[in-house]
Amino acid sequence: MMLSPLKPSIGWMLILLTASRSVVVNADFGDAVDPTFNCPAFTTCKQVCVAKAQDCPDEMLCPANQTLCKDGSCSSVGTCDASLESPCQYDCAPVACHKVDAYYDSCLSTYGPWYNNETTCGETEEELLHKWSMREPVFVILYVWISLLTLCIVAWCAYNQRIAPVSGSVQPLNVQVDKEEATSWQTGYRRHPIGSLLYGWTCLTLLGMHALLGWLSVQYYIQQELLTEVVGGKFEDEENLLKVFEILWMVSFVFSFALKWPYSIKSLFLRRCELHRATHVAVCIHKAATESEETFNSGYMSFLRLLFANVRLTMGRIMSMIFSDVDDFGQKKGKNGTYRFCVIQTNLEGSRYFVFGFRHYNFDADDGRFKPGVYSIGATISEIVTAGTVPGGLTNVEADARRQIVGPNAIEMDKPNLIKIITKEFLKPFYTYQLFMVWTWVPLYYYYMAFTWTVVITTGGLTVCYFQYRNERKLYEITNITGEVCIRRDGQVIQVSPRELVPGDVVEVSPGLTYCDMVVVASSTILMDESALTGEATPMLKTPVDQADGKNVYNANRFKRHTILAGTNVLETEKTVAVVTQTASYTARGELIRDIYSYKRHQFKFDVEVPIVISILCFYAIFGFAMVVFFIKDTIIYSWFYGMFVVASALPPLLPTVFTVSVGISSDRLAGKRISCTNAEAILVCGKCDTACFDKTGTLTKQGLEFVAASARSGVESEFFLAMGSCHTLSMTKDGKLAGNPVDQEMFEKSGSVVNSSSGQVEKVTDRNGQSAKIVRHFDFDHHRMTQSVLVRKDSDNSLIAFVKGSGESIKKLCMQDDLPIDFDEALQHAAMAGLYQISVAMKKLPATIDALTVTRDEIENSLSFIGTVDFKNIIRPETAGVISHLHSGRVKTVMLTGDSVLTGICIGREAGIVGSDCDIIIGSCDESGSLYWSNSLGEQCTRPSIEELLRSGTELAISGQAFDVLRTADPKEAARLMDVIRVYGRCTPYDKVSVVSAYNELGRVTLMCGDGGNDCGALKTAHVGVALSDAEASTVAPFTSLDKAITSVVDVLLEGRCSLTNSLAAYRYMMIYGNIETINQLINASLLITFTEYCWVFYVRSFVERTMLNHLTLYN
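A separate point is the sheet that holds strand S29 (residues 675-677). With mixed pairing, the 11 strands of this open sheet are ordered in space as S29-S49-S48-S47-S30-S41-S46-S45-S42-S43-S44. Looking at the sheet topology across the chains shown, the edges are occupied by S29 and strand S44 (941-942). Here 4 bridges tie strand S42 (residues 921-926) to strand S45 (residues 956-960), and the two strands are oriented parallel to one another. Residue pairing for S45: Ile923 is matched across the bridge by Ala958. The sheet strands contacting helix H29 (residues 961-970) are S42, strand S43 (932-936), S45 and strand S46 (982-986), and the helix crosses S45 at an angle near 100°.

Looking at the element boundaries, Asp819 is found in the loop between helix H23 (808-814) and helix H24 (824-833). There is a polar contact of 3.0 Å between the side chain of Asp819 and the backbone nitrogen of Phe866. For Asp819, the residues in contact, after removing those within four places along its chain, are Arg713, Leu864, Ser865 and Phe866.

Turning our attention to the environment of Cys56. Summarising the element assignment, Cys56 is placed in the loop between strand S4 (49-50) and strand S5 (66-68). Its relative accessible area of 4% is what places Cys56 among the buried residues. Taking the C-alpha atoms as reference points, Cys56 and His98, separated by 42 residues in sequence, lie 8.3 Å from one another. With residues near it in sequence (within four places) discarded, Cys56 still touches Val50, Leu61, Cys97 and Trp114.

Our focus in this paragraph is the packing of H29 against helix H31 (residues 990-1002). The description of two helices packed together rests on the angle between their axes and the distance between the axes. Where H29 meets H31, the closest approach of the two axes is 10 Å, and the angle between their N-to-C directions is 45°. Considering their axes alone, H29 and H31 lie oblique with respect to each other. Once H29 is placed against H31, the crossing between them reads as left-handed. Only Tyr991, Asp992, Ser995, Val996, Ala999 and Glu1002 of H31 make contact with H29, whose side of the interface consists of Gly961, Phe964, Asp965 and Arg968. Of the residues belonging to the contact of H29 with H31, the class tally is 4 nonpolar, 2 polar and 4 charged.

Calculation criteria
Residues numbered from 1 in each chain as written. Predicted model: local features only at pLDDT ≥ 70, side-chain atom pairs only at ≥ 80, totals over all residues. Heavy atoms only, no water. Pairing = 2+ DSSP bridges. Helix = DSSP H or I, 4+ residues; strand = E, 2+ residues; numbered from the N terminus. Contact = heavy atoms within 4.5 Å. Axes fitted to C-alpha atoms, helices over the stretch in contact; angles between N-to-C directions. Polar contact = N/O pair within 3.5 Å; in protein donor to acceptor, adjacent residues only side chain to side chain. Buried < 20%, exposed > 50% of the residue type's maximum accessible area, 1.4 Å probe, protein only. Parallel < 35°, antiparallel > 145°, perpendicular 65-115°, else oblique. Left-handed = near helix turned anticlockwise from the far one by under 90°. Nonpolar A, V, L, I, M, F, W, Y, C, P; charged D, E, K, R; others polar.

By themselves, these figures tell us nothing about what the structure is for.
Shown next, in the form of structure tokens:
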């Protein structure tokens, strides 16, 4: 028996379900149906087809006054409808006799001879039909074409990689990944006539395969007489046509997926060669697996991963043998690293280079390899100053030579092209699988399903492309800048494009955007707005580098007061000259863009398990296919299609669309709440977040500090108020206002001092008592020292005094111990417990013989005398406590990472709800020797209870950043266990914040970091989810940015993430369960030789999309 395709016949089902059990009713085509299901059944006998009307059985002849119509009905003479068609399918028996009703057994016995004659006639006719055999010339051509191409590809790979690999084509390459040197290699390739021919041949073949599948599908419906208006049918036999379709489908499927193994089809046909002859360079970067990835290798997962790793290894060895994929790079392609082909370009001077990670790599003929295009104008301050004091600047020859090395001063990013993004997306392996599964639905009258799947898959893919295009567009707008710069070149001052700048250029700074990193070597005044990079809205004064620091190695962070960063804005300037130190991707802004572009989502257990799930489903699909073939005991031609329908159910091609729909809706809703999302994939990660880390100042609390009190030590009141008025980095704007650090401004205003300013720089200070002093030299705040210093010369006695301010702990180390107040530690602890931000102030009188311009900071900041304190307080945001409470109700652990003291963090933590209002706190600190000790909130040293006792008693921990590093170094396992009860991390440097977030990641926690940008950028990038309360460019390293700078955005992001993840997983489970149920259903149907109509499948797809969107809306609301 042949299982032919079923067409929809819903009328039969409705009649069987609703008809009375005692009557005979009419079904489709006027046939009689007995709904009683009694045997023998009374029904309409099968249509009898004969050569002539006279050959019909007597019972099937029309009455004398009627004539037989084409469809077998009887009608009055001359009244038959000309449009009627005969239901008979054979030309040898075209006449349909009139149908009669009888019992089923009677139909077979009475009209059996006529049925047999029709069958014999049809078989004879089919034997006379022309059936295309697999030996037809056209098929022979296809065999030869595919076989020859495959052999040529295998031979080409063997010749290119094994037989003649070209020694010296692989060389090491110096590449920085995450600001660290990574193990990497470079391999030379060039175009080759044979390779180019094979490439074109392969592309033509891949396109031709799909064109042939489309042509065969059209031929099927021509053969079925559905496309009656189309001429050119080549197949007269349905079975023969479907066999050709299946063979072509399977060959195309294997061929297409085999070509997914190489990095790209185009790169496969490049010829290995020495680097000096190469037109392309393959850059391979190896990156070791992270500890967080290792956490997934435990328990049953370890066994499953090992099992499927061996399967992949076997498949990999087979593909490596076919493509001769020799491991020349030390690591397999794509294994814990990246593998990318870069095109070699030639500049106007004939130098060869390629661009990778926005950086130039130039060919060094002496070493025979490409090297990073780096040019240094000097390591020390004096060398940089010397380069910047050349009267006429660089010559054009020098500038051109340096430009050949470093390339143009631009982030060379191609303008996003939506067509290219769509092409790249739809060439991914799963889309290839989806396309081939769509082809299986086209024949057998399932074209409705093929069309529906095509629409859904295309919509999902285009949605992904749109989000990718939007993100790349934002990045391109950041990198694409234009303008003009005034520089000294060849003894003249000229205007040039920012692209022309090179290290060592002397720039005459003017108001507006800056395009490179520079060091100020001369200036009367320059006021900068660095909010675009740091998020700090307060203008900053820049000063020329100090000649006394000439021997010091230049570092942009250490000498930031003298450094102008690319991407910042010059507000005011006069007679400012700066020398270029870094251009393009080596600038601070360039490094930021590289971080954004290279962002990789963290690995999760789901990511690790998905390949295993897909592998299991593949085996399940193969089993289902085999069972369908077994149950349908008929020709493989038809059972193949129904088996592929089972494969489509077991491994649903719509699976990626599940996540695309949810993420797209969530991203749009977040945008409506003024939360920018630069990485839509991070939305799903938000749903798994279980640990939220918060910066304190500007995040949990309001931006800035409020003055509380100033306390001077007895006997040094005048020096104390002079220190308050002079120890700062404030500058005077053209409109007469002071600009600079908000804390410095607040302290200066409360001191009651006035300033005398020249060209914006504060040169002289007069305190509230009329005492005046000239500011001689500044030392900026140092994150490692935690201090800031100033040298002043008093007008009254011409004495030279150093004022130093900083944290109480740092000032204590610098002061003479016998000069400190007896209650210094108690007062410091009391202030911290009250949540005060306390600044300690000290001084030192310097000898009259000392040279103020050459004295070092180390000489100044020692043996100090304590003179007083200034107290400020952070005011907590009104919404902070509600946000923290909301997170706790959602079982999200909250911790604080602050640069303030641990006790201050505890106080703010209690107000915010991070630390329990009535719970005991044990504090971890380090003594002067760096040893870790524990104390209670009163400062009394104590023994830390065990983790079990801590959990049982509800006691929580707080620890300094230094103490946490000591603890992790001494006992990593114990530190990991204690992190469950640590609530506050105090005195954290930017590095410490990254270290804490990384530690939570290594524990398998899904972390969120919320900060206001600036020094939080490292932690924002390290966390699985970063929420920046800043519109600075630096904050774009975080996937989410709150444009309103509201901490409530954290709750919005997590709610949307949980909604999206819940909906995605529900739809994912729905797809998986549906696949299993439908696979079993189809196996049962196959055993009964029945199947669904196309409308059943179409209604399923529509209900799936509606269900996904409805679930999302319901879950969120």
